[in-house]
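# Close look at the chain arrangement
Given next are the chains, with one letter for each unit.
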Amino acid sequence: MEVDLTAQGGESVTEVFPLEELKAWNDVRLPLEDFEGDAIDVEFRYKGDGPEGALIALEAPRLVVPDEDPQHIVLITSDTHRGDHLGKADGGVEIRTPFLDELADTGVFFADCMSTTNITVPSHVSMMTGHSPKATGLIDNMTALSPSSVTIAEYLRDAGYYTISVLSTKHLRHDNSGLGQGFARVIATDKEKQLGHLSTEVISEVLEREGDQPCFIWLHLFDAHAPYVPPEEYKYEYYPKDKNPYTQGEGLSDGARAVWDPRIRDLDFVLAQYRSEITYLDDSLAEVFGEPAFDDAIIAFTADHGEELGSHGIFFKHTGLYNDTVHIPLIMRWPGCPAGLRVEAPVQNLNLGRTLLDLAGLEGAEFPGVSLLDSLQEGAASAPRFALGAHGHCAAVEKDGWLCVLTLQPKGVPNATKHQVELFNLREDPGCLNDLLEEEFERAKQLRSGLIEWLNSDRLEGMAVSRTQHSAELMEAIAALGYATESGSTDGPYYEEDPNNEWCKRFK
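What you see as residue numbers is a count from 1 along each chain, following the sequence as written. For a predicted model such as this one, the threshold for reporting local features is a pLDDT of at least 70, and the threshold for listing and counting side-chain atom pairs is 80 or more; totals across whole chains, interfaces and linings nevertheless cover every residue. Neither water nor hydrogens contribute to the side-chain values; these are computed over all heavy atoms in the structure.

## Here's the deal with the overall build of the protein chain
Operational definition: In this text, helices come from DSSP runs of H or I with a minimum length of four residues, and strands from runs of E with a minimum of two, each type numbered from the N-terminal end. Accessibility here uses a 1.4 Å probe with only protein chains present; expressed as a share of the type maximum, an area under 20% marks a residue as buried, one over 50% as exposed, and anything in between as partly exposed. Here, residues are in contact when the closest pair of their heavy atoms is within 4.5 Å. Only the protein chains shown count as covering a residue, and every accessible area follows the Shrake-Rupley method with a 1.4 Å probe.
When helices and strands are tallied, the protein chain shows 12 helices and 22 strands. Evaluated residue by residue, the protein chain yields a buried proportion of 53% over its 508 residues. Sequence-distant contacts, at least 24 apart, represent 72% of the contacts inside the protein chain between residues at least 6 apart. In the structure as shown, the protein chain presents an accessible area of about 22,800 Å², 47% of it carried by carbon and sulfur atoms.

## Quick word on the side chain of Thr129
Our working definition: In protein, a polar contact requires one atom able to donate a hydrogen and another able to accept it; more generally it is a pair of N or O atoms within 3.5 Å, and residues adjacent in sequence count only if both atoms are side-chain atoms.
Looking at where Thr129 falls in the secondary structure, it is placed in helix 2 (residues 120-129). Overall, Thr129 belongs to the buried group, its relative accessible area being 1%. Reaching out from Thr129, the side chain makes a polar contact with the backbone oxygen of Val125 at a distance of 2.8 Å. Here His131 takes part through its backbone nitrogen, which lies 3.3 Å from a polar atom of the side chain of Thr129. Here Thr129 is in contact with Thr136, Leu145, Val150, Thr151, Phe367, Pro368 and Met463, once residues within four sequence places are set aside.

## Some points on the packing of helix 1 (residues 98-106) against helix 7 (residues 267-289)
Note the threshold: Note on geometry: axes are C-alpha line fits, over the in-contact stretch for helices, and angles between N-to-C directions span 0 to 180 degrees. Under this scheme an angle from 65 to 115 degrees is roughly perpendicular, one under 35 degrees roughly parallel, and one over 145 degrees roughly antiparallel; angles in between are oblique.
As a packed pair, helix 1 and helix 7 sit with axes 7 Å apart at the nearest point and diverge in direction by 60°. Classified by the angle between their axes, helix 1 and helix 7 sit oblique to one another. Taking contact as the criterion, the partners of Pro98, Phe99 and Leu100 in helix 1 are, on helix 7, Asp282, Asp283, Leu285, Ala286 and Phe289.

## Details of the pattern of salt bridges
Just so we agree on the cut-off: The salt bridge definition used is simple: a Lys or Arg side-chain nitrogen within 4 Å of an Asp or Glu carboxyl oxygen.
For the structure on display, the rule yields 22 salt bridges. Put simply, Lys243 and Asp266 hold a salt bridge, and the shortest N to O gap is 3.1 Å. Taken as a pair, Lys243 in the loop between strand 10 (215-221) and helix 7 and Asp266 in the loop between strand 10 and helix 7 lie far apart in primary sequence, 23 residues in all. Judged by relative accessible area, Lys243 falls into the partly exposed class, the value being 25%. When salt bridges with common partners are traced through the structure, they connect Arg82, Asp84 and Asp324 into a single cluster.

## A look at the pairing of strand 10
The side chains of a regular strand alternate, first on one face of the sheet and then on the other. What counts is decided by this rule: At least two DSSP bridges between two strands are required for those strands to pair.
For strand 10, the buried fraction is high: 7 of the 7 residues fall into the buried class. Side chains of strand 10 alternate between two faces, with Cys215, Ile217, Leu219 and Leu221 and Phe216, Trp218 and His220 buried alike. Pairing of strand 4 (residues 73-78) with strand 10 involves 6 bridges; the strand directions are parallel. Paired with Leu75 across the two strands is Trp218, which belongs to strand 10.

## Overview of the sheet that holds strand 16 (residues 341-343)
Within a sheet, each strand pairs with its neighbour through backbone hydrogen bonds, oriented either parallel or antiparallel. Spatially, 9-8-10-4-11-15-5-16 is the arrangement adopted by the 8 strands of the open sheet, whose pairing is mixed. At either end of the open sheet lies a strand with only one pairing partner, and these are strand 9 (185-188) and strand 16. Taking each pair of neighbouring strands and ignoring which way they run, the sheet shows an average axis angle of 10°. Looking at chain direction, strand 4 and strand 11 (residues 298-302) are connected through 5 bridges and run parallel. Note on strand 11: the bridge partner recorded for Ile76 is Phe301.

## A word on helix 7
Note the following rule: The length a helix should cover is 1.5 Å for every residue beyond the first.
End to end, helix 7 covers 33 Å across 23 residues, agreeing with the expected 33 Å (1.5 Å per residue, within 8%). Burial runs high along helix 7: 18 of the 23 residues are buried. The N-capping residue of helix 7, defined by a side-chain oxygen 3.0 Å from the backbone nitrogen of Asp268, is Asp266.

## Some points on the packing of aromatic side chains
Describing an aromatic ring pair means giving the distance of the ring centres and the angle of the ring planes. The criterion, for reference: Each Phe, Tyr or Trp ring, with Trp reduced to its six-membered ring, pairs with another whose centre is within 6.5 Å; inter-plane angles below 30 degrees give stacked pairs, above 60 give edge-to-face pairs, and intermediate values give tilted ones. Both a distance and an angle decide whether a charge sits over a ring: NZ of Lys or CZ of Arg must be within 6 Å of the ring centre and within 35 degrees of the ring normal.
Applying the stated rule across the entire model yields 14 aromatic pairs. With a centroid separation of 6.0 Å and an interplanar angle of 80°, the aromatic rings of Tyr155 and Phe367 are classed as edge-to-face. Taken as a pair, Tyr155 in helix 4 (residues 152-158) and Phe367 in the loop between helix 9 (352-359) and strand 18 (385-388) lie far apart in primary sequence, 212 residues in all. Pairing Tyr234 with Tyr280 gives two aromatic rings, centres 5.4 Å apart and planes at 70°, and the pair type is edge-to-face. Here Tyr234, found in the loop between strand 10 and helix 7, pairs with Tyr280, found in helix 7; they are 46 residues apart in sequence, far enough to count as distant. Under the relative-accessibility criterion, Tyr234 is labelled buried at 13%. What links up through ring pairs into an aromatic cluster is the set Tyr228, Trp260, Tyr274, Phe315 and Phe316. One residue, Arg263, lies across the ring of Tyr246, its end atom 4.4 Å from the ring centre. Taking NZ or CZ as reference, Arg459 lies 4.1 Å from the ring centre of Tyr494, over its face.

## Section: the sheet that holds strand 18
With antiparallel pairing, the 4 strands of this open sheet are ordered in space as 18-19-20-21. Strands at the two margins of the open sheet, each flanked by one partner only, are strand 18 and strand 21 (421-425). Going from strand to strand, the sheet's axes swing by 15° on average, the running direction of each strand aside. Sheet topology note: the strand 19 (residues 394-399)/strand 20 (residues 402-407) ladder contains 6 bridges and is antiparallel. Its bridge partner lying in strand 20, Ala396 is registered against Val405. Against the sheet, helix 10 (residues 441-455) touches strand 18, strand 19, strand 20 and strand 21, its axis set at about 60° to strand 20.

## Topic: unusual backbone geometry
Omega for the peptide link from Ala226 to Pro227 comes to 0°, which places this bond in the cis form. Note that Pro227 resides in the loop between strand 10 and helix 7. Of note in this structure, His419 is not a glycine but carries a positive phi near 75°. The topology assignment puts His419 in the loop between strand 20 and strand 21. You can call His419 buried: its relative accessible area is 3%.

## Looking at helix 1
Among the residues making up helix 1, those that are buried are Phe99, Leu100, Asp101, Leu103 and Ala104. Buried-residue contacts for helix 1 involve strand 5 (108-110), helix 7, strand 11 and strand 15 (330-333).

Here it is in structure tokens:
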């Protein structure tokens, strides 16, 4: 491979890169000091002296002006991470997360953050576009974001950031999700689940090459997602080493078995492994983001959704829209932030994109949402927070500490029936174990009415693209992770009353 740099005045420099040295993806940097003030033509040539049938892909050349102190923007999404599984959360969970706790101590911890859905691809699309799954029509892992949509990565790329995403599960790859748009580099695993340290190591490698320019980094981690199989050195972080989970314990019912290891008899062991996964990913983050290069970075840590660990008869899945599934962590740090602030005001990660753009000085960008910084003010007003479940099976609204859940299709939630309404006081019952529908019927009626109005409000056109030709391998991988491979319908209203249904009759 040869690269020619030719100035308008005729001066030319040729660099030769042996093909055998250009394995996989390589960054080739060419100094331009001798061409200062000139317009330059760049020509790449493959001379044909390599193996027959060589395939070469070239990224468009970029002009990079080194910055001695570049400010990076980092979005970390921890898949399937419950909001109470942080040391800082004070959720009564024994868990060690020193890096994230330190991030909260030097940044802002949003104690009451809610997701927009309970499924991976749609939730990440919401964060990247500022639109809810209801608005996009993207409600399953088999539908992709349309190329005509605009993401925060595209705004930041156009503002001069080098954009890179590192993804720890295969179904978030661009060919399945459409979430690669706006990124100069997408590094995605071909496995169902990649260990966190392998993903964070990629960040270190990228910074060695690109760290002299502002970078926008989206790091996705899949460790907290089932199967909970942490590295061996973390296996007994929260479980006695002298106890055997395969012979001790009360035994697990069929619905409570860990499908990745059905021999496990002790539920405490499975729950301990979930926590171990989170401690492991925390340690993996510390190895990279504890470095000086990120001291002045804008950093956001959140999740796409939480996880059910036995409540409501749901084990090791994120079915339904109860608090265990929609309450997620959110920590942000930026230069000049009010360090150590704990925000109790209700927020939603739907507004992360708007907030990151504002912190990057792009307040004028035409991007939906409201800045999360508004919630830092005492007495900040709170709006209803809505969520739409995977495949349109359920919907929920939270207002003033009350969560109303409406079943649209009774799939995956034991004992749920179509059109059923549940109401929970999250301040007194964060686990959503005590349905107060009868005692607070008028409140439930108002919340239900607002939820249905939201469900059937206008949707955006052209944001979702159906992927009808998925490989059998990808379909099997998605099914193995516990996701349904059916496509959620985006045609017609999400909710239709049934005059013959007893639940509908009650709310007339």
